[in-house]
Amino acid sequence: MGYDFHLDDQGPKLIEVNTNAGGAFLNALLARAQKACCSEVYRALIGARDDHFETSVIAMLENEWRHQRGAGSPRTIAIVDDQPTEQYLYPEFVLARQLLLKHGIDAMIGDASELKYDGGRLRLGGQEIDLVYNRLVDFTLDRPEHAVLRAAYQDGAVVVTPNPHNHALYASKRNLTLLSDPKALKALGLSPEMRSRLNGIPRTTLVTPDNSDAMWQSRKDMFFKPLSGHGSKAVYRGDKVTKGVWAEIAQGGYVAQAFAAPGQRMIEMDGAPAPRKMDVRLYTYDGQLLLAAARLYQGQTTNFRTPGGGFAPVLVI
């Protein structure tokens, strides 16, 4: 899981929940580089000390296996995406494969469209696959090129993690509309303490044709995010939305989230100080923190194109 936060004077604001949280393996590697540089800094890194992350990842995958199979361990794991070698985070897939091989688990990286399913067995390149580490952003596996994986998953022929059930339960942006609604949470019987903990989620509302006019009037204080989107694609800051884009948003399929300002840090570029916006991602499994990392950027939304931007370590002072 990945939980993305903006930090401001009022505390952390949870803006996004992910079941397909990229970057953890890269950030664990960056943390080891900090250890080589400075042991004091390494000890201050959140969740990156010793082999905590590495052992936690292996335990996580084995636990996912047991949840669906009851006992034993996966023998072969496929790390699957669309055209994985073309993905921006492909180096992370390589790191994940190396980690699995180190712990005696056969692992390969493959394109979802190359999977074969017959005789009740899912195969990649002729090799039978026990578990798929799913990095696809087609969270429901609805696209035609993912039909084979979807069929094997629905038949229980392979363990898939994360899977459509996980995403619907934990990461659908619709969930934020409920979790940020105090009246609805009270009606559900949540305790005052629990409702208070959820105050850090900016108010989020589903955009519909019926409320689109009101949303347009208050758009300057909103971020608009597609229900099926990922990685800041088709995300719009309200005060930058054109009427042409709004016509698409107003049809539905978006949520409107109250604007939560990102934090800011100063970096050095060409010998001069320069500001960068910042968010913090907590990588977790089963409610336990595995690793924390920040992302530095400029622009409307988080990106990896900003000079001097990208992943950065999070330290406890």
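Just above sits the structure.
Residues numbered from 1 in each chain as written. Predicted model: local features only at pLDDT ≥ 70, side-chain atom pairs only at ≥ 80, totals over all residues. Heavy atoms only, no water.

### Here's the deal with the environment of glutamine 127
Piece 1. Its location among the elements puts glutamine 127 in strand E7 (residues 127–128).
Piece 2. Given the relative accessible area of 29%, glutamine 127 is considered partly exposed.
Piece 3. Through-space distance from the C-alpha of glutamine 127 to that of glutamine 251 is 45 Å; in sequence the pair is 124 residues apart.
Piece 4. Leaving out residues up to four positions away in the same chain, glutamine 127 has contacts with Thr76, Asp106, Met108 and Leu122. (Helix = DSSP H or I, 4+ residues; strand = E, 2+ residues; numbered from the N terminus. Buried < 20%, exposed > 50% of the residue type's maximum accessible area, 1.4 Å probe, protein only. Contact = heavy atoms within 4.5 Å.)

### A short note on unusual backbone geometry
Piece 1. Residues threonine 161 and proline 162 are joined by a peptide bond in cis, for which omega reads -10 degrees.
Piece 2. Here proline 162 shows up in the loop between strand E9 (159–161) and helix H6 (164–171).
Piece 3. Phi angles above zero are rare outside glycine, and leucine 141 is one such case at about 55 degrees.
Piece 4. Given the relative accessible area of 1%, leucine 141 is considered buried.
Piece 5. The phi angle at aspartate 286 is positive, at roughly 55 degrees, despite the residue not being glycine.
Piece 6. By the element assignment, aspartate 286 lies in the loop between strand E15 (272–285) and strand E16 (288–297).
Piece 7. Under the relative-accessibility criterion, aspartate 286 is labelled exposed at 62%.

### Looking at the pattern of salt bridges
Oppositely charged side chains can pair when the atoms bearing their charge come close.
Piece 1. Tallied over the entire structure, the rule returns 16 salt bridges.
Piece 2. As a salt-bridge pair, arginine 75 and aspartate 130 come within 3.4 Å of each other at their nearest N and O atoms. Of the two residues, arginine 75 sits in the loop between helix H3 (52–69) and strand E3 (76–81) while aspartate 130 sits in the loop between E7 and strand E8 (131–134), which places them 55 residues apart along the sequence.
Piece 3. Arginine 237 serves as the salt-bridge partner of aspartate 239, at 3.2 Å between the closest nitrogen and oxygen.
Piece 4. By relative accessible area, which is 35% here, aspartate 239 ends up partly exposed.
Piece 5. Residue classification places arginine 237 among the partly exposed positions, given a relative accessible area of 23%.
Piece 6. Each of Asp4, Asp279, Arg281 and Arg295 takes part in salt bridges that share partners, so that together they form one network. (Salt bridge = Lys/Arg side-chain N within 4 Å of Asp/Glu carboxyl O.)

### Topic: the sheet that holds E9
Piece 1. A sheet is described by the order of its strands in space; here 4 strands give the open sequence E4-E3-E8-E9, paired in parallel fashion. Taken across any chain shown, the strands that pair with only one partner, and hence form the sheet edges, are strand E4 (106–111) and E9. Direction aside, the axes of adjacent strands within the sheet are offset by 25 degrees on average.
Piece 2. Where E8 and E9 come together, 3 bridges link them in parallel fashion. Residue pairing in the sheet places tyrosine 133 in a bridge with threonine 161 of E9. (Pairing = 2+ DSSP bridges. Axes fitted to C-alpha atoms, helices over the stretch in contact; angles between N-to-C directions.)

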